[in-house]
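Residue strings, one per chain:
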Amino acid sequence: MAPIVDCHTHTRYSDGTGEVADIVGAAAAAGCAVLALTDHLTLPRTMDPTCECSVPEADLASRARDIDAAIATCGDGTPEVVHGYECDWYEGCERNIASWSRGATFRLGSVHWVAGGWIDDPCDRHVWDELGCDEVWRRYVDAWCAACESPARFDSMAHPDLARRWEREGYATTLDLAPLWERMATCAHDTGVHVEVSTAGLRKSVGGYYPAPGLLLAFRHAEVPITVGSDAHRPQDVCWGIRDAYAYAAAAGYASIDAPRTHGGWQTFEL
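This report concerns the structure included in the present document.

Parameters and conventions
Residues numbered from 1 in each chain as written. Predicted model: local features only at pLDDT ≥ 70, side-chain atom pairs only at ≥ 80, totals over all residues. Heavy atoms only, no water. Helix = DSSP H or I, 4+ residues; strand = E, 2+ residues; numbered from the N terminus. Buried < 20%, exposed > 50% of the residue type's maximum accessible area, 1.4 Å probe, protein only. Contact = heavy atoms within 4.5 Å. Areas by Shrake-Rupley, 256 points an atom, 1.4 Å probe, with all protein chains shown as cover. Lys, Arg positive; Asp, Glu negative; His and termini not counted. Charge placed at Lys NZ, Arg CZ, Asp CG, Glu CD. Phe/Tyr/Trp six-rings, centres within 6.5 Å; stacked < 30°, edge-to-face > 60°. Pairing = 2+ DSSP bridges. Axes fitted to C-alpha atoms, helices over the stretch in contact; angles between N-to-C directions. Parallel < 35°, antiparallel > 145°, perpendicular 65-115°, else oblique. Nonpolar A, V, L, I, M, F, W, Y, C, P; charged D, E, K, R; others polar. Salt bridge = Lys/Arg side-chain N within 4 Å of Asp/Glu carboxyl O.

Along its length, the protein chain carries eight helices and 11 strands. Viewed in the frame of its principal axes, the protein chain has a C-alpha envelope of about 50 × 45 × 35 Å. The buried share among the 271 residues of the protein chain stands at 55%. Restricting the contact set of the protein chain to residue pairs at least 6 apart, pairs at least 24 apart contribute 73%. Here the protein chain has roughly 11000 Å² of accessible surface; of this, 49% comes from carbon and sulfur atoms. Side chains of the protein chain carry 21 positive and 40 negative charges; the gap between the two charge centres is 1 Å.

This part covers the packing of aromatic side chains. Applying the stated criterion across every chain yields a total of six aromatic pairs. Here Phe106 and Trp266 contribute two aromatic rings whose centre-to-centre distance is 6.1 Å and whose plane-to-plane angle is 90°, an arrangement assigned as edge-to-face. A residue pair is termed long-range when its members are at least 10 positions apart, and Phe106 in strand E4 (residues 106–110) and Trp266 in strand E11 (residues 266–270) qualify at 160 residues. According to the relative accessible area criterion, Phe106 is buried, its value standing at 1%. The partly exposed category is assigned to Trp266, whose relative accessible area is 33%. Look at Trp144 and Phe219: their rings are 6.0 Å apart centre to centre, the planes differ by 35°, and that puts the pair in the tilted class.

Okay, the pairing of E11 next. Because side chains alternate across E11, one face comprises the buried residues Gln267 and Phe269, and the other comprises Trp266, Thr268 and Glu270, none of which is buried. Relative to E11, strand E10 (residues 256–260) runs antiparallel, the two sharing five bridges. Residue Ile257 lies in a different strand from E11, and its bridge partner there is Phe269. Hairpin connection between E10 and E11: a loop of five residues separates the two successive antiparallel strands, and Gly264 in this loop has a positive phi of roughly 105°.

So, on to the environment of Asp76. Examined against the element boundaries, Asp76 turns out to sit in the loop between helix H2 (60–72) and strand E3 (80–88). Classification of Asp76 as exposed rests on a relative accessible area of 86%.

Structurally, Ala146 can be placed in helix H5 (residues 133–149). For Ala146, a relative accessible area of 23% gives the class partly exposed. Sequence-wise, Ala146 and Arg45 are 101 residues apart; in three dimensions their C-alpha atoms are separated by 22 Å.

Interaxial distance between H5 and helix H6 (residues 178–191) falls to 9 Å at its minimum, and their mutual angle equals 10°. One way to sum up the angle between H5 and H6 is to call them roughly parallel. When H5 is examined against H6, the residues Trp137, Val141, Asp142, Trp144, Cys145, Cys148 and Glu149 are found in contact with a partner set consisting of Leu180, Trp181, Arg183, Met184, Cys187, Ala188 and Thr191. When grouped by side-chain class, the residues that make up the contact of H5 with H6 number 10 nonpolar, one polar and three charged.

The topology assignment puts Thr11 in the loop between strand E1 (4–6) and helix H1 (20–29). Relative accessible area serves as the criterion here: at 1%, Thr11 is assigned to the buried category.

This part is about the sheet that holds strand E8 (residues 194–198). Taken together, seven strands build an open sheet; the order of strands is E1-E2-E3-E4-E7-E8-E9 and the sheet is parallel. Where the open sheet ends on each side, the last strands, each with one partner, are E1 and strand E9 (226–229). Sitting on the sheet, H1 touches strand E2 (32–40) and E3, and the angle it makes with E2 is about 150°. Across the sheet, helix H8 (residues 242–251) is in contact with E1, E8 and E9; its angle to E1 comes to roughly 95°.

Applying the stated criterion to the full structure yields 11 salt bridges. Salt-bridge contacts for Arg12 lead to Glu19; the nearest nitrogen and oxygen are separated by 3.1 Å. One salt-bridge network, held together by shared partners, links Glu135, Arg138 and Arg139.

This is the structure:
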């Protein structure tokens, strides 16, 4: 049985509620072997004008010091701590990502910004209302594949079908998603990126894992490796549902999961 790993967590430096030490402590209490701290990387003011969800540029050095301190205490029942960021893809992001994520060894790519708006904002769904669900999905997949192909070189792609976020709240597509899923699987395979199995959707109205079973099978058939994460924004959600996620991945045919190492590279755990 693979040890518990959590490759997607947030602290108060972005839109989480816990200090770095709180997240590491919660992971240790859960028996976590590898913990990646992946706050939302600093975003341009046009996307996050008040740094409501991303790390303010002025806080990057302080966050790095807190993570270095956590790494220095690894061992003796604490998880291996990995300095990472969840890096949003958007047009022209590569230079910003290279600058703002300097020092991180794990870059978790994601797509939230489509056609000039956030597709997962609970307070503003104008993108969905203006474009319609089918067009949002098409543009989301275009952006997702562009992220895979980006020179930013993401290590893994978070919650790969985030466009499902509101499907049970009146924003379900009428498209046959299978061709789009095949395109995503091909992009991931051809660019060598991992994809994430996330438990976050189970804590939200999605009511299931990201990715959906059909998309996970497409990734499996394309031999795309996976990481696993909780997308925790509170200490109490760290490592939430990870072992069940292993079973979900195994049911799709996966025999192992990968986790990043503190100083770079990967380690593989058999399921």
